[in-house]
Amino acid sequence: PSPFGGGSRVRGTSSHAAAASAATSAAAAAEVGAIPNAKLAQPSAATLAERALLGSDASLAVHAGERLGRRIATDAITTPVVNTSAYWFSSSQELIDFKEGRHASFEYGRYGNPTTEALEKKMSALEKAESTVFVASGMYASVAMLSTLVPAGGHIVTTTDLYRKTRIYMETELPKRGITMTVIRPADMDALQDALDNNNVSLFFTETPTNPFLRCIDIELVSNMCHNKGALLCIDSTFASPINQKALTLGADIVVHSATKYIAGHNDVIGGCISGRGELVSKVRIYHHVVGGVLNPNASYLILRGMKTLHLRVQCQNNTALRMAQFLEEHPKIARVYYPGLPSHPEHHIAKSQMTGFGGVVSFEVDGDFDSTRRFIDSVKIPYHAPSFGGCESIIDQPAIMSYWDSKEQRDIYGIKDNLIRFSIGVEDFGDLKNDIVQALDKI
Ligand SMILES: O=C(O)CSc1nc(-c2cccc(Cl)c2)no1
Ligand SMILES: Cc1ncc(COP(=O)(O)O)c(C=O)c1O
């Protein structure tokens, strides 16, 4: 087999790198994802070696998927961007070996890419997942998961507090496949049990923490409730990031992320990922290979590069957000603060039990009306008035305008008050952000 493990042949590679790559190419071929019809395999020798070497999230964020056994064999420290739409084979026999799972490659760009594969391995290491597939956006990740794991005519459960576009997709597209849905309030475990008892539930899909009220669901509890009834549990863990929460270790079957947010972390790329057991992720990957919401390898590189500092950024954002939440909760012009790290949060006890940090987003209600809230937003100087969250630059928005301007009815149904603010804390200095918020509050 090629010394470079299949299609990504790099000229001028050192013998060391070639030997490392050759040692992993056969094992890598069996890793789910390289060949969609491969039997579910044990982790490759390289993956096992990495796990033995890299114990902490900090080391995994920097090196997992890249330090040992990266399929792209060069002497470069960084993972090269493999810009190709197709992969070549040296002989018909090599192509047959690929088709039958003995030779690792990707055949065509929609079926995979070595740069993206390194990223997938890094995420699998951080989420303690058997497999991860990276895709074009967080929304596509949710769509691919729902399209694959919920059968036509199936029934799902989800929660009232949810990213609005995810809700819109489930309300408008799933019924076209005869799929029905029960919507429960995040803390209403009786409603979840009732839904599981009275429906053949395929999947419970929820965010935790949720957008925008940062409600928290007890992952271990709901996974047991679902599994007792043969239902799968998928957690959208975007607001937590894999640093603060490892949902698979708590019983979730699948985790999805908008990599656009904390994972890439620089407000410069859109992506998504699905992580979990190989048997489940392989089904999503096969769907993805057909439908083709492909993550461009240049985007993969930006996300890989962002993940190098994921642990540092998230820890900083956790700390600053907690200090900001505590400050806001004491301010006379703030009516209410929603932050899982505050004892006043309805699920603070759940967040403490399943999260190591509470994230960088603080939602709060200004003690005022629509116009005074607008004046506050328009008076802040450091946070960008923009959508999205989780990046280095602080972002602030008023969901009543940003996400729900088109529907007063929806705002009323989901409790999106005119004075609600979402504040995504970046990695700026807390003092600078606090002073900026103070001067803006002084103006209302
Ligand atoms: O609604 C959209 O399609 C994108 S706009 C959107 N912004 C946020 C959001 C979430 C947390 C904090 C902040 Cl500042 C913003 N969530 O969706
Ligand atoms: C919780 C959550 N999941 C998914 C998404 C969608 O991700 P993307 O914008 O990468 O499609 C968002 C977007 O804000 C989100 O807040």
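The structure we're discussing is the one just above.
This section reports on the structure supplied with the text. (Residues numbered from 1 in each chain as written. Chains lettered and ligands numbered in written order. Predicted model: local features only at pLDDT ≥ 70, side-chain atom pairs only at ≥ 80, totals over all residues. Heavy atoms only, no water.)

**A short note on the packing of helix α8 (residues 189–198) against helix α9 (residues 219–227)**
The interhelical angle for the contact between α8 and α9, taken along N-to-C directions, is 15°, at an axis separation of 10 Å. For the element pair α8 / α9, the angle class is roughly parallel. Our pair here, α8 against α9, has a crossing hand that is right-handed. Residue-level inspection shows M189, L192, Q193 and L196 of α8 in contact with α9, the latter providing L221, V222, M225 and C226. (Axes fitted to C-alpha atoms, helices over the stretch in contact; angles between N-to-C directions. Helix = DSSP H or I, 4+ residues; strand = E, 2+ residues; numbered from the N terminus. Parallel < 35°, antiparallel > 145°, perpendicular 65-115°, else oblique. Left-handed = near helix turned anticlockwise from the far one by under 90°. Contact = heavy atoms within 4.5 Å.)

**Points about the pairing of strand β3 (residues 180–184)**
Pairing geometry for strand β2 (residues 155–159) and β3, over five bridges, is parallel. When the bridges of β3 are listed, T159 appears paired with I184. Taken together, β2, helix α7 (residues 164–172) and β3 constitute a β-α-β crossover, and its handedness is right-handed. (Pairing = 2+ DSSP bridges. Right-handed = clockwise from strand over helix to strand, strands pointing away.)

**Details of the packing of helix α5 (residues 114–127) against helix α12 (residues 297–307)**
In the contact formed by α5 and α12, the axes pass within 8 Å of each other and the chain directions differ by 35°. The two elements α5 and α12 meet at a crossing, and its hand is left-handed. Note on element contacts: α12 touches α5 through P297, S300, Y301, I303, L304 and M307, opposite T115, T116, A118, L119, K122, M123 and L126. Residue classes in the contact of α5 with α12 are distributed as nine nonpolar, three polar and one charged. (Nonpolar A, V, L, I, M, F, W, Y, C, P; charged D, E, K, R; others polar.)

**A word on the pairing of β2**
Buried residues dominate β2, accounting for five of its five residues. Every second residue of β2 is oriented toward a common face, with H155, V157 and T159 on one face and I156 and T158 on the other, all of them buried. Here β2 pairs with strand β4 (residues 201–207) via three bridges, running parallel. From the neighbouring strand, H155 faces β4, where its bridge partner is V201. (Buried < 20%, exposed > 50% of the residue type's maximum accessible area, 1.4 Å probe, protein only.)

**Observations regarding the state of the cysteines**
Tallied over the entire structure, the rule returns zero disulfides. C234 supplies the cysteine sulfur nearest to C226, a cysteine that is in no disulfide, at a spacing of 11 Å. With no disulfide of its own, C273 lies 11 Å from the sulfur of C234, the closest cysteine sulfur. Assessed through its relative accessible area of 0%, C273 is described here as buried. (Disulfide = S-S within 2.5 Å.)

**A word on the nonpolar core**
If you look at the biggest cluster of nonpolar residues, it comprises 30 residues, and the most contacted ones within it are M324, L328, V337, V362, F364, F376 and I437. Taken together, the elements giving at least two residues each to this core come down to α13 (310–330), β8 (334–338), α14 (348–354), β9 (361–366), α15 (370–379), β12 (420–424) and α18 (430–441). Once you skip the residues sitting within four places of it in the chain, L328 turns out to touch I334, V337, V362, F364 and I437. (Core = buried A, V, L, I, M, F, W, Y, C linked by side-chain atoms within 4.5 Å.)

**Thoughts on the sheet that holds β9**
Across the sheet, five strands lie side by side as β8-β9-β12-β11-β10; this open sheet has mixed pairing. Looking at strand neighbours, the two that pair on one side only are β8 and β10 (384–385), the edges of this open sheet. Pairing of β9 with β12 involves five bridges; the strand directions are antiparallel. When the sheet's bridge partners are listed, F364 is paired in β12 with I421.

**Structural notes on the site of ligand 1**
In the neighbourhood of ligand 1, 14 residues make up the surrounding shell, with Y163, K165, N211, P387 and S403 lying closest. Side-chain polar atom of Y163 to an oxygen atom of ligand 1: 2.7 Å apart, as the coordinates give it. A distance of 3.2 Å separates an oxygen atom of ligand 1 from a polar atom in the side chain of K165. A total of 430 Å² of accessible area belongs to ligand 1 in isolation, and the protein chains cover 90% of it. For the shell around ligand 1, the secondary-structure elements that each account for two or more residues are β11 (395–397) and β12. Here the residues of the shell around ligand 1 sort into seven nonpolar, four polar and three charged. (Near = heavy atom within 4 Å. Polar contact = N/O pair within 3.5 Å; in protein donor to acceptor, adjacent residues only side chain to side chain. Areas by Shrake-Rupley, 256 points an atom, 1.4 Å probe, with all protein chains shown as cover.)

**A short note on helix α2 (residues 45–53)**
Within the span of α2, buried status applies to A46, T47 and E50. Burial along α2 is one-sided: seen end-on, the buried residues are contained in an arc of 100°. Exposed side of α2, more than 90 degrees from the buried face: A45 and A52 are the residues found there. (Arc of directions from axis to C-beta.)

**Digging into the site of ligand 2**
As a matter of local geometry, ligand 2 sits amid 14 residues, with M139, D236, S258, T260 and K261 nearest to it. For ligand 2, whose accessible area on its own is 400 Å², the fraction buried by protein is 91%. Across the shell around ligand 2, the residue classes tally to four nonpolar, seven polar and three charged.

**A word on empty space enclosed by the protein**
On inspection of all chains with the given rule, the structure shows two cavities of 30 Å³ or more. Estimates place the volume of the largest cavity at around 40 Å³. In terms of lining, the largest cavity is formed by L162, Y163, R164, N211, P212, S403, Y404 and R422. For the lining of the largest cavity, the residue count by class is four nonpolar, two polar and two charged. Size it by volume and the second largest cavity reaches roughly 30 Å³. Together, T158, T159, R167, M170, E171, M181, V183 and Y414 line the second largest cavity. Sorting the residues of the lining of the second largest cavity by element identifies β2, α7 and β3 as the ones contributing at least two each. Element by element, the count of residues in the lining of the second largest cavity is highest for α7, at three residues. (1 Å grid on protein atoms, 1.4 Å probe; cavity = no way out; pocket = protein on both sides within 12 Å on 5 of 7 lines; lining within 4 Å. Points joined across faces, edges and corners; volume = space filled by probe spheres on them.)

**A word on the environment of M402**
Its place among the elements puts M402 in helix α16 (residues 399–402). Of the residues examined, M402 reaches a relative accessible area of 31% and is grouped as partly exposed. Separated by 15 residues in the primary sequence, M402 and P387 place their C-alpha atoms 6.9 Å from one another. Excluding its chain neighbours within four sequence positions, the residues that come into contact with M402 are H385, A386, P387, D397 and R422.

The analysis is restricted to geometry; functional conclusions fall outside its scope.
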